[in-house]
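An overview of the molecular structure
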Amino acid sequence: MSTFSPGWTMAIEWMIIGITLILFAAISVIILVYVERKVAAFFQLRIGPNRVGPYGIFQTVADFIKLLMKEHITSKKADKFLFNLAPFIIVTAAFLGIGAIPFALGLHVFDINIGVFYLTAVSSVGVLGILLGGWAGNNKYSLIGALRSGAQIVSYELSITLSILTIVVLVGSLQLSEIIASQETGWWIIRGHLPAWIAFVIFLIAGTAETNRGPFDLAEAESELTAGFHTEYSGIKFAMFFLAEYLSLFIIASVGATVFLGGWLPFHIGTWAAFNNIMDYIPSIIWFFGKVAGLIGIIMWFKWTFPRLRIDQLLVLEWKYLLPINLVNLLLVSFIALMGWYF
Amino acid sequence: MEAVKENKDLKTQEYFVNMGPQHPSTHGVLRLMLGLDGEIITKVEPHIGYIHRSIEKMCEFDNYRQIVHLTDRMDYLSSHMNNEAVCLLIEDALEIEVSDRVKVIRTIFSELARLSSHQLWWAATGMDLGALTAFLYGFRDREMINDIFEETCGARLTMNYNIPGGVMFDLHPNFVQRVKDFIAHFKTKLPEYDELLTDNVIFRMRTEGIGVISKEDAISYGLSGPTARASGVECDLRKSHPYSAYDRVEFKEIILEDGDAFSRYKARLLEMWESMSIIEQLIDNIPEGDIEAPTKALIKLPKGEFYQRVETARGDFGVYVVSEGGKSPFRLKFRSPSFSNLFVLDHIAKGSKIADLVAMMATFDLVVPDIDR
Amino acid sequence: MDNEALKQQITSWEPAAELVEEGSQFLNVIVTPDQLSALAEKLRNEEAMDFDYMFCLTCVDYPEHFMMVYHLRSMKHKHEMVLKARIDDKENPTVDTLCNIWRTAEYHEREVYDLFGIKFNNHPDLRRILLDEDWKGYPLRKDYVDPVNMISY
């Protein structure tokens, strides 16, 4: 039996993993869009999609097919190269992030030793796509939306990074698999008591702001600027912006689940062996997706309940409230780590 | 403000942006030309007339009974009160006495229409400011009122129930019970409205201190309705010029002092409580009587001038008729509250941001067909 | 103040004013266009009068003249009256603007200009408000004909 040369093996391996990840990303976005519409309908006392397929589960597929078949309209004065480049940048940034997330025991594609740093760096690249998309459309409204969004994302990145750093101080390493391994005796949200709770709340707030969702969706505020930075896009390019938004929602929720809630580790209580054994039966991938689903549910709850913040109120929230609280929290957790005052 | 502002080495330039005529938050076909300097507004210029249907000219060719049915296309959310204005004018001019039953029925329907209009306003305000769920909650409660109207009048929005001399049909037998059920249900829902928007920190940050109208400005610009009452102007026509059954019910006139968007919001919510209290006082003892006083088929007003004012959900709606004794008016003018309320926007919006403009417009509660007639 | 006191005060300022009470529920004061702004200012600024709320501004097209109609109310004293200006010139009707006395007049006067064609002196921004900028004619005048859109009986 002939075998492949090492070079070919690696190439084929990469291709298989790449295609799997892309398929996974596409399917998870399809599921997430359907879930969002059903959750929104639940809060608004109505039913949501229920025509296409049983319980409407093929609704998103139908929507994407429609988007794929739409005409590409580019306005005459738009900058063609940048206009076409912007959706690709933002989708690439999202895909780069998916690769680094630990899904289950042993199911971790890209486990580099600077895992946390890599994730935050890669999500920053997405801002470029937004700014380019708003500017290249040659439309006053989308420019306003893109600038607002750029300012917002750049500010809230600080808060996300600092809140993750709070846990990194307790763990001692940036590598995601080590962060999970350190939670075998208990999740950080329980063991890290006060600083972990503060960091978790700030992470949730900053996470919704990072993904332009919820009360921070000024960039695409439908009742003010029609559609913000993606006003000028139609067809598959619009679908790519849509895809990137839901993918980054998934990534934020996964990072939160990994760092604060123990990733794919089951829920153990101290030395209750019988309880722990039952918890171990549930496969780790179910634990992971369960936690991610919980966090996504909370973030969706925000969107459908609160009115939205004005841009200056949003920036004041970050720079005058969240950032100082974060810094103080970081000092606090360093002190606690030194003194060993955690479980 | 100058068109080009120099800021040490940074020169910025004023640019113009159109909000509307097709825009999700201008509540109708209204075009606002905004002069912007970055995110700050330097000038707001409303352009109206997109839905001008020359109702005043049409009324010079229609007879008085036909005019009543034209009025509810103007401010379609207070259509019952608009009809009432013209009917009261005709009844005063011809000195027709309507029965007590008619007066009480008209008052109850007016208050139900006011409640329905404020519910729609609350829904639209929530949606404009981003709380999309509020839109559906407001409409859900409004459906009960629409069903009550449909049972008695046959229509949900433009009721055409008032005629000169009385009302068109008698009350449906289920009317009293349904209204009581609705009041009992809505009393549990209004506190929910408070929890969802009024006590929400984000909502308060978006509306407190925004768009302050002083009392002198309110009087000078001719504002009326809850917009003016939130600035301290006592202009409730139900108190100062009582008509129909308003002189037999006890209710408070809601006057607030601050004049900002949150006060206008609060004024309307408190008005909803007062409307419910008025309905409760009247619903149990609707007097028996004729539903229509005898009038001629072809109504001719005597020579002279007549003016009738009614408090609609938006404010002071006035009908001015100059009659030469014929079967159509020589000149008919509708004084609409939204026309006067709109134009204070330029005065108060200078120096605020686009997001604040949306909050201000939401609390003015404008209905554009009322502006354009 | 009741109508008698109002009548006395107004005749003391403007003896040529015509005071009519029948045929209307308010006291009507009719002046010529050049007496208008002086009287309007006194009505607004004098303590005893204090007519600060203008609740209706319109125009009526009679066969021989135009009549500008202003309905006024005082928030403090709670009395009301109607101020009218008779414009006899039907070719070129002009009257002073009252928008520096009552701010609401600015927009109502634009509407009267749009629909009747009456020009207001010293108005800051006199242009059409409801109809298109390039509309010809003044629709609410009695002699307006529009064969396309109007059906005459």
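Residues numbered from 1 in each chain as written. Chains lettered and ligands numbered in written order. Predicted model: local features only at pLDDT ≥ 70, side-chain atom pairs only at ≥ 80, totals over all residues. Heavy atoms only, no water.

Moving on: the environment of B:Gly211. All names here are of chain B. Relative to the elements of secondary structure, Gly211 occurs in the loop between helix H7 (201–207) and helix H8 (215–220). It is 49 Å that separates the C-alpha atoms of Gly211 and Leu298, two residues lying 87 residues apart in sequence. If sequence neighbours within four positions are ignored, Gly211 has contacts with Gly259, Asp260, Ala261, Arg264, Ile348 and Met360. (Helix = DSSP H or I, 4+ residues; strand = E, 2+ residues; numbered from the N terminus. Contact = heavy atoms within 4.5 Å.)

Attention now moves to helix H2 (residues 33–45) of chain C. All names here are of chain C. Between its terminal C-alpha atoms H2 stretches 19 Å, which fits the 18 Å expected from 13 residues at 1.5 Å a residue. Among the residues of H2, Pro33, Gln35, Leu36, Leu39, Ala40 and Leu43 are the ones counted as buried. For H2, the arc enclosing every buried residue in end-on projection is 130°, short of the 170-degree limit, so these residues lie on one face. Turned more than 90 degrees away from the buried face of H2 sit Asp34 and Asn45, all of them exposed. Summarising the contacts, the buried residues of H2 are in contact with helix H1 (3–13), strand S2 (28–31), strand S4 (66–73), strand S5 (80–87) and strand S6 (94–96). (Expected span 1.5 Å × (residues − 1). Buried < 20%, exposed > 50% of the residue type's maximum accessible area, 1.4 Å probe, protein only. Arc of directions from axis to C-beta.)

Contact residues are listed per partner, giving 42 residues for chain C and 39 residues for chain B. For the chain C face of the interface with chain B, the top three residues by lost area are C:Tyr53, C:Arg103 and C:Leu130, together amounting to 18%. There are 18 residue pairs in polar contact (both at pLDDT 80 or more) connecting chain C and chain B. Of all the secondary-structure elements, those providing two or more residues to the side of chain C that touches chain B are strand S3 (53–61), S4, S5 and helix H3 (105–116) of chain C. Tallying contributions element by element places S3(C) first for the side of chain C that touches chain B, with eight residues. When grouped by side-chain class, the residues that make up the side of chain C that touches chain B number 23 nonpolar, eight polar and eleven charged. (Buried area = accessible area lost by both parts, 1.4 Å probe. Polar contact = N/O pair within 3.5 Å; in protein donor to acceptor, adjacent residues only side chain to side chain. Nonpolar A, V, L, I, M, F, W, Y, C, P; charged D, E, K, R; others polar.)

This paragraph deals with the pairing of strand S5 (residues 40–47) of chain B. Successive residues of a regular strand alternate their side chains across the two faces of the sheet. All names here are of chain B. The buried count for S5 comes to six of eight residues, which makes it a mostly enclosed element. Pairing between strand S4 (residues 31–37) and S5: seven bridges, direction antiparallel. Bridged to Gly35 within S5 is Lys43. Hairpin connection, S4 to S5: the antiparallel pair is bridged by two residues, and Gly38 has positive phi, about 75°. (Pairing = 2+ DSSP bridges.)

On to the pairing of strand S8 (residues 304–311) of chain B, then. All names here are of chain B. For S8, the buried fraction is high: eight of the eight residues fall into the buried class. Side chains Gly304, Phe306, Gln308 and Val310 project from S8 onto one buried face, and the interleaved Glu305, Tyr307, Arg309 and Glu311 project onto a second face that is buried too. As paired elements, S8 and strand S9 (residues 316–323) share eight bridges and run antiparallel to each other. Across the sheet, residue Gly304 finds its bridge partner in S9, namely Ser323. Turn length for the S8-S9 hairpin, with the two strands adjacent in sequence and antiparallel, is four residues, and the turn residue Gly315 shows positive phi of about 150°.

Attention shifts here to the arrangement of the chains. Take the two pairs of chains in contact: the one carrying the most contacts is chains B and C. One finds no contact linking chain A with chain C; the least C-alpha distance across the pair is 25 Å.

Across the contact, 32 residues belong to chain B and 22 residues belong to chain A. Interface area for chain B against chain A, summed over the two sides, is near 2500 Å², with a carbon-plus-sulfur share of 59%. Summed over the three residues of chain B that lose the most area to chain A, namely B:Leu132, B:Ile202 and B:Arg206, the buried surface amounts to 20% of that side. As a salt-bridge pair, B:Asp356 and A:Arg310 come within 2.5 Å of each other at their nearest N and O atoms. Taken together, the links from chain B to chain A amount to six residue pairs in polar contact (both at pLDDT 80 or more). Elements supplying a minimum of two residues to the side of chain B that touches chain A: strand S3 (15–19), helix H4 (100–129), helix H5 (132–153), helix H6 (175–198), H7 and helix H14 (354–364) of chain B. Across the side of chain B that touches chain A, the residue classes break down as 20 nonpolar, six polar and six charged. (Salt bridge = Lys/Arg side-chain N within 4 Å of Asp/Glu carboxyl O.)

The gaps of empty space that remain are located by a probe, the size of a water molecule, rolled over the atoms. Residue and element names in this part refer to chain A. Scanning all chains against the criterion turns up seven cavities of 30 Å³ or more. The calculated volume of the largest cavity comes to roughly 550 Å³. Taken together, 34 residues make up the lining of the largest cavity; nearest its centre are Ser123, Glu210, Thr211, Ser248 and Ile252. Of all the secondary-structure elements, those providing two or more residues to the lining of the largest cavity are helix H3 (80–98), helix H4 (115–136), helix H5 (140–171), helix H8 (193–210) and helix H10 (236–261). Ranked by the residues each element gives to the lining of the largest cavity, the list is headed by H10, at nine residues. Here the residues of the lining of the largest cavity are counted per class, giving 21 nonpolar, nine polar and four charged. (1 Å grid on protein atoms, 1.4 Å probe; cavity = no way out; pocket = protein on both sides within 12 Å on 5 of 7 lines; lining within 4 Å. Points joined across faces, edges and corners; volume = space filled by probe spheres on them.)

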